[in-house]
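Single-letter residue listing:
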Amino acid sequence: MKNLKKKFRFRIHLKSKHLLVIMTFFCVSAIIATLASGVTTSPVKEMAGMIVVPFEKSIAAIGAWLMDMNQTFQEKEELIAQNKELQTTIDSLTEQNNILIQDQAELARLEELYELDQEYSDYPKIAARIIAKDPGNWYDTFMINRGSKDGVRVNNNVIAGKGLVGIVTEVGSTWATVRSIIDDSSNVSAMTVSTDDTCVIEGDLELIDEGKLRFSQLYDREDKVSVGERIVTSNISEKYVEGLFIGYVSEIELDTNNLTKTGTIVTPVDFQHLKDVFVITVNKEDAIQGGAES
């Protein structure tokens, strides 16, 4: 049996070139047979189309999406750069606008001071700036940047806006302290413009929240004083020169004694936002002494 198996066992040894010739012959034969039998290649083409076309479309879609993404990214970068430029421009314009607003406010204050200077041109005065104040919202007591070397003295009257602010209470060489007429300890001898009836203006830090001051001891015997009456410093005041505007009567009522009246006045001075003031460098006693000498 072993010898018989050996007889049927054989091996085929082919060289590469012989194998190539055989395979080529087989392929050519298959092609000829296909052409001779009339078998169409349409199914093969259709199969290729079903596979290749969607693949090509997918590739094209992915390419278009990538191009859109790239364009969107570029546009985003451009928008970010433009936004930075716009923000820089806005910041610059905002700063310029703030400067203009400050300049306008400064100009308005200077115009107001000029008008006040013209209105009280009979009195010598110097401009001063407020450099400190007591705690709180109101300028009831504050310090200015002018002192004795500038001719400022105790009891000098201080004006701002369109009317009376207060009086100098303490003086240094380069500074002075001012107590305003809204301070609770302030009392100003005043009078009505139309009738010359006298009254006393009293400071009231609670009432000033409404922009008002209180007056009392008004002798209006002929009942001529009404709402809207102008109140100014009196000619009989010991510390205030005559004729400085204090405010308008806003309320008035008869006292229980049926002789005097009390009420409130509206002040033209913004005692919450004071910055620049005028100091009248002549005192009431100077005017009195000057009149006595003449």
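In this report, the structure presented in the accompanying data block is examined. (Residues numbered from 1 in each chain as written. Predicted model: local features only at pLDDT ≥ 70, side-chain atom pairs only at ≥ 80, totals over all residues. Heavy atoms only, no water.)

### Quick word on the overall build of the chain
Looking only at helices and strands, the chain features four helices and 12 strands. Residues counted as buried form 31% of the 294 residues belonging to the chain. Taking as baseline every contact in the chain between residues at least 6 positions apart, the subset at least 24 positions apart corresponds to 59%. A total of about 19700 Å² of accessible surface is found on the chain, and carbon and sulfur atoms cover 57% of it. (Helix = DSSP H or I, 4+ residues; strand = E, 2+ residues; numbered from the N terminus. Buried < 20%, exposed > 50% of the residue type's maximum accessible area, 1.4 Å probe, protein only. Contact = heavy atoms within 4.5 Å. Areas by Shrake-Rupley, 256 points an atom, 1.4 Å probe, with all protein chains shown as cover.)

### Points about the sheet that holds strand E6 (residues 187-192)
Strand order in the closed barrel made by the six strands is E6-E7-E8-E11-E10-E9, with antiparallel pairing throughout. Strand-to-strand twist in this sheet, taken as the mean axis angle between neighbours without regard to direction, amounts to 40°. Bridge count between strand E9 (residues 230-233) and strand E10 (residues 245-254): three bridges; the pairing is antiparallel. If you follow arginine 230 over to E10, its bridge partner there is tyrosine 248. (Pairing = 2+ DSSP bridges. Axes fitted to C-alpha atoms, helices over the stretch in contact; angles between N-to-C directions.)

### Notes on the packing of aromatic side chains
Taken as a whole and judged by the stated rule, the model has two aromatic pairs. With a centroid separation of 6.1 Å and 70° between ring planes, the pair formed by tyrosine 139 and phenylalanine 142 is classed as edge-to-face. Judged by relative accessible area, which is 2%, phenylalanine 142 ranks as buried. The ring of tyrosine 139 carries the charged tip of lysine 133 above its face, separated from the ring centre by 5.1 Å. Sitting above the plane of the phenylalanine 245 ring, arginine 230 keeps its charged end 4.1 Å from the centroid. (Phe/Tyr/Trp six-rings, centres within 6.5 Å; stacked < 30°, edge-to-face > 60°. Lys NZ or Arg CZ within 6 Å of the ring centre and 35° of its normal.)

### Let's talk about the pattern of salt bridges
Applying the stated criterion to the full structure yields 11 salt bridges. In this structure, the salt-bridge partner of arginine 129 is aspartate 276, at a minimum N-O distance of 2.8 Å. Taken together, the residues arginine 129 in strand E1 (residues 125-133) and aspartate 276 in strand E12 (residues 276-280) connect sequence positions 147 residues apart. Take arginine 129: its relative accessible area is 29%, and that puts it in the partly exposed class. Residue classification places aspartate 276 among the buried positions, given a relative accessible area of 13%. Note that aspartate 286 is salt-bridged to arginine 153, the shortest N-O span being 2.3 Å. Taken together, the positions of aspartate 286 in helix H4 (residues 284-293) and arginine 153 in the loop between strand E2 (141-144) and strand E3 (157-160) put the pair 133 residues apart, joining distant regions of the chain. Judged by relative accessible area, which is 24%, aspartate 286 ranks as partly exposed. With a relative accessible area of 34%, arginine 153 lands in the partly exposed category. Ionic contacts of the salt-bridge type, sharing partners, join the residues Arg146, Lys149 and Asp150 into one network. (Salt bridge = Lys/Arg side-chain N within 4 Å of Asp/Glu carboxyl O.)

### A closer look at the nonpolar core
Of all hydrophobic cores here, the largest spans 48 residues; its most connected members are Ile144, Ile201, Ile246, Phe271 and Leu274. When sequence neighbours within four positions are dropped, the list of residues in contact with isoleucine 201 reads Ser186, Asn187, Val188, Ala190, Leu213, Arg214, Phe215, Ile231, Ile246 and Ile265. (Core = buried A, V, L, I, M, F, W, Y, C linked by side-chain atoms within 4.5 Å.)

### Observations regarding the environment of threonine 233
Inspection of the secondary structure assignment puts threonine 233 in strand E9. Residue classification places threonine 233 among the buried positions, given a relative accessible area of 0%. Apart from the residues lying within four places of it in its own chain, the contact partners of threonine 233 are Leu164, Val188, Ser189, Ala190, Met191, Tyr240, Val241, Glu242, Gly243, Leu244 and Ile246. Only 2.6 Å separates the side chain of threonine 233 from the backbone oxygen of valine 241, close enough to count as a polar contact. Polar contacts involving the side chain of threonine 233 include one to the main-chain amide nitrogen of glycine 243, which spans 3.0 Å. (Polar contact = N/O pair within 3.5 Å; in protein donor to acceptor, adjacent residues only side chain to side chain.)

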